[in-house]
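# A look at the structure
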Amino acid sequence: MTWASEAQGDRVTLSREGLPDWLEPVVRAAETVQPLQLSRFLPPENGSGRQSAVLILFGEGERGPELLLMERAGSLRSHAGQPSFPGGALDPEDGDPQGDGPLRAALREAEEETGLDPSGVQLFGVLPRLYIPVSGFVVTPVLGWWREPSPVGVVDPNETARVFTVPVADLTDPAHRATAVHPRGHSGPAFLVESALVWGFTAGVIDRLLHFAGWERPWDRGKQVPLDWHA
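Right, let's walk through the structure included here. All values reported here derive from a predicted model rather than from experimental measurement. (Residues numbered from 1 in each chain as written. Predicted model: local features only at pLDDT ≥ 70, side-chain atom pairs only at ≥ 80, totals over all residues. Heavy atoms only, no water.)

## A look at the nonpolar core
Counting 37 residues, the largest nonpolar core has Ile56, Phe58, Phe124, Leu127 and Leu143 as the members making the most contacts within it. Per-element tally for this core: the top contributor is helix α5 (residues 200-212), with 5 residues. For Phe124, the residues in contact, after removing those within four places along its chain, are Leu14, Ser15, Arg16, Leu19, Leu23, Val26, Val27, Phe58, Leu143, Gly144 and Trp145. Ala53, Leu103, Ala110 and Val142 belong to the second largest nonpolar core, which has 19 residues in total. (Core = buried A, V, L, I, M, F, W, Y, C linked by side-chain atoms within 4.5 Å. Buried < 20%, exposed > 50% of the residue type's maximum accessible area, 1.4 Å probe, protein only. Helix = DSSP H or I, 4+ residues; strand = E, 2+ residues; numbered from the N terminus. Contact = heavy atoms within 4.5 Å.)

Written out as structure tokens, the structure is:
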């Protein structure tokens, strides 16, 4: 695979040049992590599922490294009200789902949902494709460095309730970690940060990134938070 930074003609590719030293553990994790180490839900072998991508965007704020998240509008049919990474389904103009299509989709969706300027984002890696059974999405997590931060906020209130950043220090703080328990009985990691409960797919990916980057701190897995009946 060839990695180059910005758009080259019509292509969007990856670059690891000039990344801050603190991102090196994330780069190493992206190079070595196996799909089943991230999730037990992997894309169907028959190729079904809707191809999509999310942007896992690392920036540097007043309190050090941080992640960009958004909260989906409560009126949406899928994952309403959930904090999530910016992202969504690939459009035909994004290109090859097996090539640079997910990279282009991650940037496009992030711009549409948060208003960020994609020219200030340096994509540096991708994680293995994962699957969200409840919505049928096959998701490519795309890793980015917010090299030149730009203003962000809600672009369309019908899709997004708010846009916010979370310091990595808060995500690794054991006081902010818990196990979310769904009414149907399944459970998974959760983060109580920025007046939000981050759970589900997004929390699962963050949890595994923290673990494989070596940033995870011991936390009380017995601390449970219930999800609303409609979650």
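Let's pick the thread back up.
## Notes on the pattern of salt bridges
Summed over the entire model, instances satisfying the criterion amount to 13 salt bridges. Of the charged contacts in the structure, one is a salt bridge between Arg104 and Asp100, with a shortest N-O distance of 3.4 Å. Judged by relative accessible area, which is 14%, Asp100 ranks as buried. Residues Glu216 and Arg221 are paired through a salt bridge, measuring 3.2 Å at the closest nitrogen-oxygen approach. Of the residues examined, Arg221 reaches a relative accessible area of 48% and is grouped as partly exposed. Three or more residues joined by partner-sharing salt bridges are found here, namely Asp91, Asp94, Arg108, Glu109 and Glu112. (Salt bridge = Lys/Arg side-chain N within 4 Å of Asp/Glu carboxyl O.)

## A closer look at the sheet that holds strand β12 (residues 187-193)
As a general point, the strands of a sheet are linked pairwise by backbone hydrogen bonds and lie either parallel or antiparallel. One open sheet holds the 4 strands; their spatial order is β13-β12-β11-β14, and the pairing between them is mixed. Every interior strand has two partners, whereas the edge strands, β13 (196-198) and β14 (224-226), have only one. Averaged over all neighbouring strand pairs, the angle between strand axes comes to 40°, with direction disregarded. On top of the sheet, α5 reaches β11 (177-181), β12 and β13; it is set at about 85° to β12, its chief contact. (Pairing = 2+ DSSP bridges. Axes fitted to C-alpha atoms, helices over the stretch in contact; angles between N-to-C directions.)

## Remarks on the environment of Glu216
By the element assignment, Glu216 lies in the loop between α5 and β14. Given the relative accessible area of 23%, Glu216 is considered partly exposed. For the pair formed by Glu216 and Val205, sequence separation is 11 residues and the distance between their alpha carbons is 13 Å. A polar atom in the side chain of Glu216 sits 3.4 Å from the side chain of Trp219. (Polar contact = N/O pair within 3.5 Å; in protein donor to acceptor, adjacent residues only side chain to side chain.)

## Focus on α5
In this model, α5 (13 residues) spans 18 Å end to end at C-alpha, consistent with the 18 Å of a helix rising 1.5 Å per residue. Those residues of α5 that sit buried are Thr202, Ala203, Gly204, Val205, Ile206, Asp207, Arg208, Leu209 and Leu210. Of the residues flanking the end of α5, it is Gly214, one or two places downstream, whose phi is positive at about 80°. (Expected span 1.5 Å × (residues − 1).)

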